[in-house]
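A look at the structure
Residues per chain are reported as follows:
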Amino acid sequence: MKTFRIGGVHPPENKIAAHKPIEVLPVPATVTIPLSQHLGVPAVPVLGKGDQVKTGQLIARGEAFISANIHSSVSGKVLKVDDMIDSSGYRKKSIVIQVEGDEWVEGIDRDSTLVKECQLNASEIVKKVHDLGIVGMGGATFPSHVKLMVPKGKKAEVLIINGVECEPYLTADHRLMLEKGEEILAGIAIQMKALHVERAIIGIEHNKPDAIKHMSELCSHYAGITVVDLEVKYPQGAEKQLIKAAINREVPSGKLPIEVGCVVHNVGTSFAVYEAVQKNKPLIERVVTVVGRSLKNPSNFLVRIGTPVDALVEAAGGMPDDTGKVISGGPMMGKALNDLGVPVTKGTSGILVFDKDESFRKPVLPCIRCSRCLNVCPMGLEPYLLAVLAEKDRIEECELERIMDCMECGSCLYVCPSGRPLLDHIRVGKSRVGKMIRERS
Amino acid sequence: MEYILIIIGAVFVNNIVLAQFLGICPYMGVSAKVSTSVGMSGAVMFVMTLATIVTYLIYTFILIPFGIPYLQTISYILVIASLVQMVEIILKKVSPALYQALGIFLPLITTNCAVLGVAILTIQKDFNLMEGIVYAIANAIGFALAIVLFAGIREHLDLMDIPKGMRGAPAALVVAGIMALAFMGFAGLV
Amino acid sequence: MNKLIISGSPHVQTDESVKKIMYGVVLSLVPAMLVSFYFFGLAAILITLTAVVSCMAFEFVIQKYLIKGPLTILDGSAIITGILLAFNVPSSLPLWMVVIGSAVAIGMGKMTFGGLGKNPFNPALVGRVFLMISFPVEMTNWPKPIAFSTQLTDVVTGPTPLAVMKEGVSQGEHVADILPEVPGYVNLLLGNMGGSIGEISALAIILGGLYMLVRKIITWQIPAAYLGSVVVFSGVFWLIDPTQYVDPLFHLITGGLMLGAIYMATDMVTSPMSHRGQLVFGIGCGVLTMVIRLFGAYPEGVSFAILIMNAFVPLINKGFKPKRFGEEVKHG
Amino acid sequence: MNGIINEITLISVVSLGAVGSFAAIILYMVAQKFKVVEDPRIDLVAEKLPGANCGGCGLAGCRALAEAIVKAESLEGMTCPPGGSDVMKDIASLLGLEAGDQVPMVAVLRCSGSKHNAPPKVTYDGAMTCAFAHSLFSGEAGCPYGCLGCGDCVVACAFDAMYMDAETGLPVIIDDKCVACGACVKACPRSIIEMRKKGKKDRRIFVSCINKEKGGVAKKNCAVACIGCGRCVKECKFDAITLDSNLAYIDYNKCTLCRKCVPVCPTNAIHELNFPPRKQRPEVTEQAEAK
Amino acid sequence: MAKKESSFVNMVMTLMVVTAVASFTLASVYNITKGPIEMAREAARQLAITMVVPDFDELMTRRYMPAVGRDSLEFNYAYKNGELVGVAVATYTDMGFSGRIRAMVGFYPDGRIVDVVHLEHQETPGLGDKIEKGKSDWSDQFRGLDPSETVIKVTKDGGQVDAITAATITARAYCDGIRRAYDTFSNHVLNDGGSAE
Amino acid sequence: MSQIKNFTKGFVKENPVFVLLLGLCPALGVTTSAFNGFGMGLATTFVLVSSNIVVSLIKSQIPDKVRIPSFIVIIASFVTIVQLVMEAFLPDLFKALGLFIPLIVVNCLVLGRAEAFASKKDTLSSVIDGLGMGFGFTFALTLLGAVRELLGQGAIFGYSFIQGDGMLVFVLAPGAFIGLGYLIALINTIKKTE
Ligand SMILES: Cc1cc2nc3c(=O)[nH]c(=O)nc-3n(C[C@H](O)[C@H](O)[C@H](O)COP(=O)(O)O)c2cc1C
Ligand SMILES: Cc1cc2nc3c(=O)[nH]c(=O)nc-3n(C[C@H](O)[C@H](O)[C@H](O)COP(=O)(O)O)c2cc1C
Ligand SMILES: Cc1cc2nc3c(=O)[nH]c(=O)nc-3n(C[C@H](O)[C@H](O)[C@H](O)COP(=O)(O)O)c2cc1C
Ligand SMILES: Cc1cc2nc3c(=O)[nH]c(=O)nc-3n(C[C@H](O)[C@H](O)[C@H](O)CO)c2cc1C
Ligand code: SF4
Ligand code: SF4
Ligand code: SF4
Ligand code: SF4
Ligand code: FES
């Protein structure tokens, strides 16, 4: 079994919904579709209040290079194009659509038959991925077409597919691999074609033996695609760590995977690419794990983008009384929500419902310099130091200590026996250093 | 062997700062950062060695032959002061880079008891010129050791929120005290 | 619905805590404590109790009335300081000196800098060395171990094996002639020798150390580097002249070396952060200990060595950073 | 006198005089030969300083401090322990640093979103730093403009001129201690604190809100939010108030402190400080929190 | 109040004048204090001698090299009514804990020790400084000892002198100094037939 | 500034040792007993006052470039006078203070005051300033000496309170640092509450 070398933690896995097949969640009454669901420039709406839309219709165009198209996930009438509260409580421009029926745009193949062969050439594939608004499903929602275009002078050698799902609780990718393995592999083949690579590696952690077995079996039909069994360790799913674990290459500080000849995509992305290229289907729905220890019916749902979170919680058995925290995403990287009316977006991999007693952080005590944070940091940083430097606003020193290498995995905060809010401070430091660097150039 | 004993004695056992209390002002004043304390140490080494040589010569070739050793203090300080100033002016012109690294500390050293103290001690201990030079360098190393360690600890304390009343000089002095305690362990090495 | 709770990620934390770590150390100290009670009897119990209680009391008073900050005396660190201070003094030490030592350890060594986690020097050692310098007579008066002793006064005293060795060698005797004067190696290992309360039984300390290693309270780097460098250093001299220098094993199991290497040098607050730094720190402690033992005025150098290396910790932390991810660019 | 003045005297005078003049000659020649052109003011400033080179200023000697002062053209953060404040004053007048008549300013808090006015809807449980809270969410009360109450500004104030009021959850500025250094303004991630003219007799009038959301939205989160209704703008005879993105702003250079606008605000968002109590209570609104 | 400018002549003149005036003053003070300083030094020496030899009315000083040691020892022969009553030997040792220890050892003409006082030492206050008469009565144990019978060594080294607690090194050194005095004394005084001449 | 304030500021508010942190070497080096501290303080005061007088008298005659050397010569002369006089009439104290007597010359306090004060102000003010600073220095050294003597030997000004020794550490180097550290902390707190 392989794994990355430096750092890492083992939070309790709690994969409660691992055996729950993906269920289709009914279409809600209204959806709110934010125009900024991806990394990069927000998309620009192409219609206005009162317009009639169909499921799969383009409603906002990603005009910049790093941006993504957005399609309507339902059919109905545009109620408004306005600032709506997003997961942070700030208002962001969104399109609100009142659902009327479920009428799809023509050309989308909703048939579930597997289409393996792909006739398109590389640039046509990229165009398709671009047009249909595919973004990374692994969490960062980076527009996928960008990653499929290898920059001049660089060469991709290996496509690494991220089936690690190292976050506790989350099982969306796991279920997807079990249920849509064929489609994922077809998607991988398409991505390989786009990237002109001969080799693809699917990284799966050892706690999903059924997925490893299933995917390995399917792989035998594809040349160049292999599965690698990875030791369970958070954050193995992080791009750089996965590359290190799978093919033992280290992406240098501040550089992209392509520097070492790699491109990393999530299994969900591969599935989305498959659907886009072979079925013409834009990214309008995704698998979301809804779990919680007190939740009656933890589930994996196939959800239309824009569905409000409370609808998901309702479907999973309703909000338990002693709920303290609702998290969008995993427990290590996810975002605590302060309003359950916010919509599911392209990046929402899970909704976690925490009881009150597991919601509060530990009381904050002084750092005892136990060096645990530094030993678990997968980037080899010194979180305790970064945190004080950031707290004291000593930004130059933060930069010298390579604060920008921090990928916010949260391992340091997880492991600290004193419950220090390390990552909170580091984030502040990062944003200040980032600002300083931008101002410098 | 003689020289090694002088060095060990001056650096560890009778550390100029921690045991002999010389040069406390720069020890407290220029120890906020490790980098500046290193610069200061370099300058001290330079001046201390130079001053010891010159004062030794003055003592043996002027004060003793003329029977006026009681003018030791006044002639030493005069010579040291001019010497430092001269070195500073020359350095500024000849090597601005070196001046940036060391020169800015030079004026601080004129009025530093460590330099005058070592010059006087060299005579008191009946050292010859070579021993005097070794003694001066060893003391400068001792000074460097003490001040660089101390600067490290101060940088560390800077990141801690130590109690208000102890902030600054008090904590620094207590640290120096504990360092002096620890250095007592070297007792008897020579 | 009740109010939702908002915080940044991550939303889960280990159940490891400062308290658990500290009480783990206390637990691991129990074997050594039992051995010391066995050999030094009631006196050892009294001193340990006095030290622990006064350490906690001083911490409480200072936190409550001088710093006026939150009270943390129950986090267990003051208990460790108390136990380790007691472990580092002879069982004949007057109790009022133990109280002074505790006051110095907690007041000067720890609270001066703001309390747990902020002190640059090991508090117990600050207290110990302070006592050593202040009351050299009482601090070098070593009662002979007697099983189940309840005697508090007029105990028979004698030098520690290390002192016997040093005195003998300095008088020009040969090591082989001195060795019969000290207890045999098995006794040394078990703790049947003169010395500070808690340092005598290397075996019990190793046991506690193993427990801490398993519980991941300490890492192996510091003890290994410390003991290793002592073995190498003393071994070299032993090989050069076995008549003047005793063998490494003797150095390993006498004096406070085990206690120092496993409990005092490993205090996370006052030791370097990175593994590489910890190795450097351990080696420094080992070399200094041996320099003092072989060439200094004191027969024992563990406390001084660790304190001196404590002063180096900030520089070590600056110079020996953990290995960064993507530091050296690998090709292929 | 014979015992007191003898050949020793002569030898002493001659040899020390020789050493002294030798030193002087060396100094002179060296000074001539290696003259370095510098800002002449450095010499002037250095002359004012004690010349003890004690390092008390944190710099390497008096000349270094002089250079630093001249280079920075300011005395901020520079002290000289042996010389004391007198010396610094001397230098200030020498360099004409304190010359210009500055309008006395003071920091004001432009938010009244206390726990009472803007009740918290969620509980924040992270590091107590506004910078992070701001990046994480819109605030416990939901107002994306309002004070987060973690006190970054209080920490930034080096003059103990601020404290957090536990009851309201808002910082309080102590006018007398505030020296208008602006550290708090920089520290606040939401730019809530503004540096305003101290005003006649320390009197100030300002809109204590910076929420630019639409009136209804703002009002939902906070009872005393400016809702951009514009009544104060109409009331002001001196064109001191402008309305921009649903928010009124009072220009302190135009404001005559007539306080006519205060009672017309339906949400009590306009604050008056250090005025004598009003003769008759404004009947328009419910009572403002008298604090 | 115009400052003088820093011209060459001004600088040299000023410094010359200042140093000249200073050295003139100092020379005067030196000449005034020279007498008292020597008197004070002499008085200290006298005091030490009177403490370690019986009452005397005449002193004679000689220097002898010891068998071991870098420097010579000062022998003060004390006479009462022309008869030798004792010899005060200013001795030293370099075995001290920190630096040289100097002491004055008084002998009866037959070689017994009258008493010992320290002259100068840098031993640690509170530890080694117990050799001082004022700090402890430790050095009284030498009174009346005859070094030809009693081994002047600390008990640890097989001698008959009790060491100072926790300061064996100093005690050992002090014994070394006394033995140096005695050995030289016995070479030059006892073996010469008991007379100085 | 009134002359009285000028004089008293040296005791606490601008105490050269506790507040300005000047002249720390003698403050640490000679304060093994209250008497030694007192003696050193007086010696320093003498040099301080005398050189302040001379400097303030001749300040206008000194060209800039040789200002510091001239001042140093003046100070060194007074130091040597102290040295000679003390050796003649107080030989025991002279021995106890040892190296630190000649080192008065480089005591930052002395030169600093000569430069900062005496070279700018009239003679009377300079004298008062010198006296104030000198007494403040003496006060600090005596206090520190008393504390160290009390804790280290159980005595004050040589009068013993206890049998045997005190805490030796206070007689030795570490005690000097520690004692001064906590004294400064104490003074800081007192100053703040005033
Ligand atoms: C500013 C920026 C530029 C990027 N440019 C590229 C690119 O040119 N090619 C590519 O394959 N990936 C690119 N990426 C994608 C990253 O390699 C990575 O896949 C993405 O940030 C999501 O990864 P994560 O979830 O590990 O953070 C870029 C990312 C960022 C933030
Ligand atoms: C700490 C951390 C943990 C991550 N864990 C996972 C994971 O478990 N599964 C996953 O697919 N992506 C994970 N990612 C995101 C990947 O780094 C990377 O963005 C993604 O695999 C790229 O694929 P995509 O662009 O198709 O999403 C993680 C990122 C970080 C920073
Ligand atoms: C700072 C310090 C000062 C010491 N001063 C002396 C001293 O002046 N004289 C002395 O004999 N021993 C002194 N010692 C103690 C010696 O190091 C040594 O331990 C002692 O002399 C052994 O003697 P003992 O066998 O009587 O205990 C000092 C130790 C230290 C740490
Ligand atoms: C492994 C370990 C070793 C410790 N060793 C010491 C010690 O030697 N001395 C001490 O005072 N406290 C020790 N402590 C307790 C605590 O860390 C110490 O009091 C801090 O230095 C106080 O800030 C130890 C704690 C741990 C976990
Ligand atoms: S959050 Fe950043 S600093 Fe903390 S462990 Fe992860 S990468 Fe390291
Ligand atoms: S894990 Fe926590 S207590 Fe340990 S060093 Fe890091 S911040 Fe400090
Ligand atoms: S930080 Fe500056 S401007 Fe703000 S309150 Fe304090 S003194 Fe006033
Ligand atoms: S005013 Fe700004 S900095 Fe101050 S507490 Fe409020 S949000 Fe934080
Ligand atoms: S008194 Fe300032 S360096 Fe010694």
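Each value, and the rule that gives it
Residues numbered from 1 in each chain as written. Chains lettered and ligands numbered in written order. Predicted model: local features only at pLDDT ≥ 70, side-chain atom pairs only at ≥ 80, totals over all residues. Heavy atoms only, no water. Helix = DSSP H or I, 4+ residues; strand = E, 2+ residues; numbered from the N terminus. Rg over C-alpha atoms; globule rule 2.2 N^0.38 Å. Buried < 20%, exposed > 50% of the residue type's maximum accessible area, 1.4 Å probe, protein only. Contact = heavy atoms within 4.5 Å. Areas by Shrake-Rupley, 256 points an atom, 1.4 Å probe, with all protein chains shown as cover. Lys, Arg positive; Asp, Glu negative; His and termini not counted. Charge placed at Lys NZ, Arg CZ, Asp CG, Glu CD. Near = heavy atom within 4 Å. Nonpolar A, V, L, I, M, F, W, Y, C, P; charged D, E, K, R; others polar. Expected span 1.5 Å × (residues − 1). Buried area = accessible area lost by both parts, 1.4 Å probe. Salt bridge = Lys/Arg side-chain N within 4 Å of Asp/Glu carboxyl O. Phe/Tyr/Trp six-rings, centres within 6.5 Å; stacked < 30°, edge-to-face > 60°. Lys NZ or Arg CZ within 6 Å of the ring centre and 35° of its normal. Axes fitted to C-alpha atoms, helices over the stretch in contact; angles between N-to-C directions. Parallel < 35°, antiparallel > 145°, perpendicular 65-115°, else oblique. Left-handed = near helix turned anticlockwise from the far one by under 90°. Pairing = 2+ DSSP bridges. Patch = residues over 30% accessible without salt bridge, like charges linked within 9 Å, V, L, I, M, F, W, Y side chains within 5 Å. Core = buried A, V, L, I, M, F, W, Y, C linked by side-chain atoms within 4.5 Å. pLDDT = per-residue confidence, 0-100. Polar contact = N/O pair within 3.5 Å; in protein donor to acceptor, adjacent residues only side chain to side chain.

What about the overall build of chain B?
Counting secondary structure elements, chain B contains nine helices and zero strands. Along chain B, from the amino end to the carboxyl end, the secondary structure elements read α-α-α-α-α-α-α-α-α. Relative to the globule expectation of 16 Å for 190 residues, the C-alpha radius of gyration of chain B, 17 Å, shows essentially globular dimensions. Out of the 190 residues in chain B, the part that is buried amounts to 67%. Considering only contacts in chain B between residues 6 or more positions apart, those separated by 24 or more positions represent 77%. Of the roughly 6,000 Å² of accessible surface on chain B, 70% is carried by carbon and sulfur atoms. Placing the 7 positive and 7 negative side-chain charges of chain B at their respective mean positions leaves the two points 14 Å apart.

Overview of the overall build of chain D
Check the secondary structure of chain D and you find 10 helices and nine strands. Sorting the 291 residues of chain D into buried and exposed places 48% on the buried side. Summarising the internal contacts of chain D: among those between residues at least 6 apart in sequence, 56% fall at separations of at least 24. In the form shown here, chain D has an accessible surface area of approximately 14,900 Å², with 56% of it arising from carbon and sulfur atoms.

Observations concerning the site of ligand 6
In the neighbourhood of ligand 6, the contacting residues comprise Cys367, Ile368, Arg369, Cys370, Ser371, Cys373, Tyr384, Cys416, Pro417, Ser418 and Leu422 of chain A together with Met273 of chain C. More than one chain reaches ligand 6: its neighbouring residues belong to chains A and C. Looking at the shell around ligand 6, its residues break down into nine nonpolar, two polar and one charged.

Quick look at helix H4 (residues 95-108) of chain C
Taking 1.5 Å of rise per residue, 14 residues should cover 20 Å, and H4 of chain C covers 19 Å from first to last C-alpha, within 8% of that figure. Along H4 of chain C, the residues that are buried comprise Met97, Val98, Gly101, Ser102, Val104, Ala105, Ile106, Gly107 and Met108 of chain C. Against helix H9 (169-183) of chain B, helix H2 (30-67), helix H3 (77-87), helix H5 (123-134) and helix H6 (136-139) of chain C together with helix H8 (173-193) of chain F lie the buried residues of H4 of chain C.

Notes on the interface of chain A and chain C
Accessible area lost upon the coming together of the parts serves often as the stated size of an interface. Taken together, the contact between chain A and chain C spans 67 residues of the former and 40 residues of the latter. Of the roughly 4,600 Å² buried at the junction of chain A and chain C (both faces included), carbon and sulfur atoms supply 55%. Considering only the surface of chain A that becomes buried against chain C, Glu250, Ile368 and Arg369 of chain A emerge as the three largest contributors, covering 15% of it. Summed over the shared surface of chain A and chain C, the result is six salt bridges.

Topic: the site of ligand 8
In the vicinity of ligand 8, the residues found are Leu109, Cys130, Cys147, Leu148, Gly149, Cys150, Gly151, Asp152, Cys153, Pro171, Cys188 and Pro189 of chain D. Class assignment of the residues belonging to the shell around ligand 8 gives a composition of nine nonpolar, two polar and one charged.

Structural notes on the interface of chain F and chain E
Counting residues at the interface gives 27 residues for chain F, matched by 28 residues for chain E. Counting across the interface, chain F meets chain E through one salt bridge. Measuring nitrogen to oxygen at the nearest pair gives 2.5 Å for the salt bridge that ties Glu87 of chain F to Arg41 of chain E. Contributing elements (two or more residues each) for the side of chain F that touches chain E: helix H4 (67-89) and helix H5 (91-97) of chain F. Take the side of chain F that touches chain E: its biggest share by element is 13 residues, from H4 of chain F. Here the side of chain F that touches chain E is built from residues that sort into 15 nonpolar, five polar and seven charged.

Here's the deal with the packing of aromatic side chains
For any pair of aromatic rings, the description rests on two quantities: the centre-to-centre distance and the angle between the ring planes. Taken as a whole and judged by the stated rule, the model has 24 aromatic pairs over all chains. With 6.4 Å between their ring centres and 45° between their planes, Tyr185 of chain C and Phe250 of chain C make a pair best called tilted. In this pair, Tyr185 of chain C is assigned in helix H9 (residues 185-190) and Phe250 of chain C in helix H12 (residues 248-253), connecting sequence segments 65 residues apart. For Phe250 of chain C, a relative accessible area of 0% corresponds to the buried category. Ring centres 5.0 Å apart and planes at 55° place the aromatic pair Phe237 of chain C and Tyr245 of chain C in the tilted group. Members of the aromatic cluster, connected to one another through ring pairs, are Phe233, Phe237, Tyr245 and Phe295 of chain C. Between the NZ or CZ atom of Arg100 of chain E and the centre of the ring of Tyr92 of chain E, over which it lies, the distance is 4.1 Å.

Focus on the packing of H2 of chain C against H3 of chain C
All names here are of chain C. The geometry of H2 relative to H3 is characterised by a closest axis approach of 7 Å and an angle of 135° between their N-to-C directions. The pairing of H2 with H3 is recorded here as oblique in orientation. Crossing hand, H2 versus H3: right-handed. Between H2 and H3, the residues in contact are Ala32, Met33, Ile47, Thr48, Ala51, Val52, Cys55, Met56 and Glu59 and Ala78, Ile79, Thr81, Gly82, Ile83, Ala86 and Phe87, respectively. Its residues assigned to classes, the contact of H2 with H3 comprises 12 nonpolar, three polar and one charged.

Structural notes on the sheet that holds strand E5 (residues 58-61) of chain A
All names here are of chain A. A sheet is described by the order of its strands in space; here three strands give the open sequence E3-E5-E6, paired in antiparallel fashion. Looking at which strands have only one partner, the edges of the open sheet turn out to be strand E3 (44-45) and strand E6 (70-71). With two bridges joining them, E5 and E6 adopt antiparallel strand pairing. Bridging from a neighbouring strand, Leu58 pairs with His71 of E6.

Some thoughts on a nonpolar patch on the surface
All names here are of chain E. Residues Phe8, Val9, Met13, Met16, Val17 and Val21 make up a contiguous nonpolar surface patch of roughly 510 Å² in combined accessible area. For Val9, the location among the structural elements is in helix H1 (residues 8-52). Since its relative accessible area comes to 55%, Val9 is described here as exposed.

Comments concerning the arrangement of the chains
In this assembly 13 pairs of chains touch, with chains A and C having more contacts than any other pair. Across all C-alpha pairs, the smallest distance from chain A to chain E is 38 Å, and the two are not in contact. Contact between chain A and chain F is absent, and the least distance between their C-alpha atoms amounts to 23 Å.

Some thoughts on the sheet that holds strand E14 (residues 299-304) of chain A
Residues and elements named next belong to chain A. Reading across the sheet, the six strands line up as E1-E14-E13-E17-E15-E16 and stay open at both edges, with mixed pairing between neighbours. Edge positions in the sheet fall to strand E1 (22-24) and strand E16 (335-336), since each of these pairs with one other strand and no more. In this sheet, strand E17 (residues 350-355) lies alongside strand E13 (residues 285-291) in parallel orientation, the contact comprising three bridges. Residue Val290 lies in a different strand from E17, and its bridge partner there is Ile351.

A few points about the nonpolar core
Membership of the largest hydrophobic core comes to 264 residues, with the highest contact counts inside it found for Tyr27 and Met179 of chain B together with Tyr226 of chain C. No other element matches the 14 residues that helix H8 (residues 129-159) of chain B contributes to this core. Residues within four places of Tyr226 of chain C in sequence aside, it is in contact with Leu257, Gly260, Ala261, Ala265, Gly282, Ile283, Cys285, Gly286, Thr289, Val302, Ala305 and Ile306 of chain C. Listed in part, the 47 residues of the second largest apolar core include Met137, Ala172, Val267 and Phe271 of chain A.

Re the confidence of the model for chain D
Keep in mind that low pLDDT regions are not for reading the predicted coordinates in detail. Residue and element names in this part refer to chain D. Per-residue confidence for chain D gives a mean pLDDT of 80, with 77% of residues at or over 70. Contacts of residues 284-291 to residues separated by more than four positions or lying in other chains number 14 contacts, the stretch itself having pLDDT below 50. ipTM for the predicted complex: 0.88, alongside a pTM of 0.90.

As for the environment of Tyr263 of chain C
Residue and element names in this part refer to chain C. With respect to the secondary-structure elements, Tyr263 resides in helix H13 (residues 257-264). Taking relative accessible area as the criterion, Tyr263 reaches 5% and is therefore assigned buried. Put simply, Tyr263 and Ala311 are 48 residues apart on the chain and 18 Å apart in space, counted from C-alpha to C-alpha. Apart from the residues within four sequence positions on either side, Tyr263 is in contact with Val25, Ser28, Leu29, Leu84, Ile205, Gly208, Gly209, Met212 and Met258. In terms of polar contacts, Tyr263 uses its side chain to reach the backbone carbonyl oxygen of Ser28, at 2.9 Å.

Quick look at the pattern of salt bridges
Evaluation of the coordinates by the stated rule reveals 53 salt bridges over all chains. The partner of Arg361 of chain A in a salt bridge is Asp424 of chain A, with the nearest N and O atoms 3.0 Å apart. Of this pair, Arg361 of chain A sits in the loop between E17 and helix H9 (372-376) while Asp424 of chain A sits in helix H13 (residues 422-440), and the two are 63 residues apart along the sequence. Arg259 of chain D is the salt-bridge partner of Glu272 of chain D, the closest N and O atoms lying 3.3 Å from each other. Placement of the pair is Glu272 of chain D in strand E9 (residues 270-273) and Arg259 of chain D in the loop between strand E8 (247-250) and helix H10 (261-264), with a sequence separation of 13 residues. Its relative accessible area of 15% is what places Arg259 of chain D among the buried residues. Through salt bridges with shared partners, one network takes in Asp102, Glu275, Lys281, Glu285 and Arg304 of chain A.

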